[in-house]
Amino acid sequence: MIHLRSLCVVLLISPMVQALNVTQSPDLYKLRENILYRDSTEAPLTDDIKKMCRLDLYYPADTPGFPTVVWFHGGGLTGGKRDIPEALKNQQMAVATVDYRLNPGVTCPAYIEDAAAAVAWVFKHIQTYGGDPNLVFVSGHSAGGYLTSMVGLDKRWLARHDVDADRIAGLIPFSGHTITHFTIRQERDIPGTQPIVDEFAPLYHVRADAPPLVLITGDRELEMLGRYEENAYMYRMMKVAGHDKTELYEVQGFNHGNMPQGAFPLLIDHVKAWTRAHTAVTVQLQNRYLEPVFSDVDCQEDILFRTTRDHTGHLVELTLDVYRPRGDTFDNRPAILWIHGGGFRPGNDKRQKYIVHMATAFARRGYVCAAPDYRTRQSPRDDMRGTLKDAVEDGLASLAWMRDNHRVLGVDADRIALGGGSAGGMIAVSMAALENSLAATSHRPGLFALIDLWGSPAPENRLMTIHPQFPPTVIVHGTADQTVPYAWSQTLAAELTAAGVDHLLYPIVNAKHTPAKDLPEMVEVCSHFLYRAMEK
């Protein structure tokens, strides 16, 4: 949305900000000055770098977890100096105000390199002062606004410091160029009236996955030539690119020089709102993987993961469903592969009710879940070992698919667990034994856990014996099960004990096969077991 702020509105907000300044004691804040934010590992420390690449850090003394605004001064990349804006003092936030090298002493891209180094310093050190590195905002006026956008949108500058620009909590440039800066154009003998959009223009780097962006300018009739219009175009192109967290404010009645008076209240409002939202999410996610912290789950159905032939020679295409927590910003999540039951016969598939229930329940806890199909047979008992072998091969193929696509799925490839019920449990036990034995010999992480739901196989129906590398296992089984005897789970538990494998046998007293009414209890038991297994 484009916001038009009139002078009278800004004047109503500004005294409120000033009142906050009065009520906060200066003793609650500390100031550390003249910090060198570049070091010799980045570039040789020339006299110019030692003199100019400095910042001052103003921060709350006794308020842990505070947000930080990295502030770049204006001056056309040829002048200006760092200072802490009065409007940002006593606002329960830190301010890192930055000097950077200037033209004609240096030319492009030195200004951007310095700006990136300063932002990287804050990310790497703010926690030492009590700040939250997840709440680092970048802002600045005029040339500082230009540097803000360049550092946040063109990811290569921060990447040189091993910092992902997308970690920035918000970009809030004040009246910054979105085309290539006029000083950089002058360095190339390009006149100021000739707009250029190249790699040194924020407009060149519009992208959907950028940090939240708040563009603020003065009155279009009072601003510098074209400054509002180029920011409006930036706003439009970010929206076209799919970035839904871009906002544009025109502070009416203010020119280029005094527009920060109207812009600072907007900056403070956004920083505090984003900080409140981050805090709420942080509190919610403290119970991630244990409690259902997400209300909705997205399911992508029927993804092809293998084409093979069944025991009769017919071609078979095998698909799986993927369940992910909606709105999750984590990109390195544990995963569970859920194997359905059904006696190895056609008629049951990856959408068995309890499989859907378990996959959904764990996705709401922050896991990525996948449920694959596998080859079945009309008469599986005619060749039980061959039936199991086919199903296990298919299960391992779905596991390999998940590892191959872990970046797209947002999955930690080293933290994948298996779950299976009935026949799916039998498949999962053999898969776990084979996978973790192979992982041990190839010196890579194996499955981190196994959930066996009333599916412990008889020893003669396993493809491999239990061994010390077998993953931690939770077994849930009804004691009155007449389809898969509870005694088989007792046998499996005894073998796990003998192999020194962490496990839990959780009996459901008097329950029969597939005890659907006990699913909520099973989810609680299994989620706590997996949480403990991940910590190990």
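Scroll up a little and you will see the structure.
Criteria and cut-off values
- Residues numbered from 1 in each chain as written.
- Predicted model: local features only at pLDDT ≥ 70, side-chain atom pairs only at ≥ 80, totals over all residues.
- Heavy atoms only, no water.
- Helix = DSSP H or I, 4+ residues; strand = E, 2+ residues; numbered from the N terminus.
- Buried < 20%, exposed > 50% of the residue type's maximum accessible area, 1.4 Å probe, protein only.
- Contact = heavy atoms within 4.5 Å.
- 1 Å grid on protein atoms, 1.4 Å probe; cavity = no way out; pocket = protein on both sides within 12 Å on 5 of 7 lines; lining within 4 Å.
- Points joined across faces, edges and corners; volume = space filled by probe spheres on them.
- Nonpolar A, V, L, I, M, F, W, Y, C, P; charged D, E, K, R; others polar.
- Axes fitted to C-alpha atoms, helices over the stretch in contact; angles between N-to-C directions.
- Parallel < 35°, antiparallel > 145°, perpendicular 65-115°, else oblique.
- Left-handed = near helix turned anticlockwise from the far one by under 90°.
- Pairing = 2+ DSSP bridges.
- Polar contact = N/O pair within 3.5 Å; in protein donor to acceptor, adjacent residues only side chain to side chain.

Asker: What is the right way to look at the environment of Leu 492 in this model?
Answerer: On the secondary structure map, Leu 492 appears in helix H13 (residues 486-499). By relative accessible area, Leu 492 is classed as buried at 0%. As a C-alpha pair, Leu 492 and Val 429 span 63 residues in sequence and 9.7 Å in three-dimensional space. Setting aside chain neighbours within four positions, we find Leu 492 in contact with Val 429, Asp 452, Ser 456, Arg 462, Ile 466 and Ile 475.

Asker: It is not clear to me how the layout of surface pockets should be interpreted in this structure. Could you clarify?
Answerer: Gaps left between atoms show up when a probe the size of a water molecule is rolled over them. Of the volumes computed, that of the largest pocket is approximately 1600 Å³. Listed by contribution, the elements that provide at least two residues to the lining of the largest pocket are strand E6 (131-141), helix H8 (260-285), strand E11 (315-325) and helix H11 (406-409). For the lining of the largest pocket, the element with the highest residue contribution is H8, accounting for seven residues. Class assignment for the residues of the lining of the largest pocket results in 16 nonpolar, 10 polar and 14 charged. Its boundaries defined by the atoms lining it, the second largest pocket holds a volume of some 350 Å³.

Asker: Whenever I open this one, the packing of helix H9 (residues 353-364) against helix H14 (residues 519-535) confuses me. Can you help?
Answerer: Two quantities define a packed helix pair, namely the angle between the axes and the distance from one axis to the other. With their axes 11 Å apart at the nearest point, H9 and H14 run at an angle of 45° to one another. Between H9 and H14, the interaxial angle falls into the category oblique. H14 is crossed by H9, and the crossing has right-handed handedness. Between H9 and H14, the contacting residues are Tyr 354, His 357, Met 358, Ala 361 and Phe 362 on the first element and Leu 519, Pro 520, Val 523, Cys 526, Ser 527 and Leu 530 on the second. Residues of the contact of H9 with H14, tallied by class, amount to nine nonpolar, two polar and no charged.

Asker: Any chance you could explain the sheet that holds strand E15 (residues 449-453) here in plain terms?
Answerer: Each strand in a sheet pairs with its neighbour through backbone hydrogen bonds, running either in the same direction (parallel) or in the opposite one (antiparallel). Read across the open sheet, the eight strands follow the order E10-E11-E13-E12-E14-E15-E16-E17; overall the sheet is mixed. Across the chains shown, the open sheet's two edge strands, defined by having one partner strand only, are strand E10 (297-309) and strand E17 (503-508). Across the sheet, the mean angle from the axis of one strand to that of its neighbour is 20°, orientation sign disregarded. With five bridges connecting them, strand E14 (residues 411-421) and E15 associate as parallel partners. Within E15, the residue paired with Gly 421 across the bridge is Leu 453. Lying on the sheet, helix H10 (residues 384-404) is in contact with E10, E11, strand E12 (333-339), strand E13 (368-372) and E14; it crosses E10 at an angle near 125°.

Asker: What should I look at first to understand the environment of Thr 97 in this one?
Answerer: Along the chain, the position of Thr 97 falls in strand E5 (residues 94-98). On the basis of relative accessible area, Thr 97 is assigned to the buried category, the value being 0%. Note: C-alpha distance between Thr 97 and Val 69 (28 residues apart in sequence) is 8.3 Å. Once residues lying within four places of it in the same chain are set aside, the contact partners of Thr 97 are Arg 54, Leu 55, Asp 56, Trp 71, Arg 82, Asp 83 and Ile 84. A polar contact is formed between the side chain of Thr 97 and the backbone oxygen of Asp 83, at a distance of 2.7 Å.

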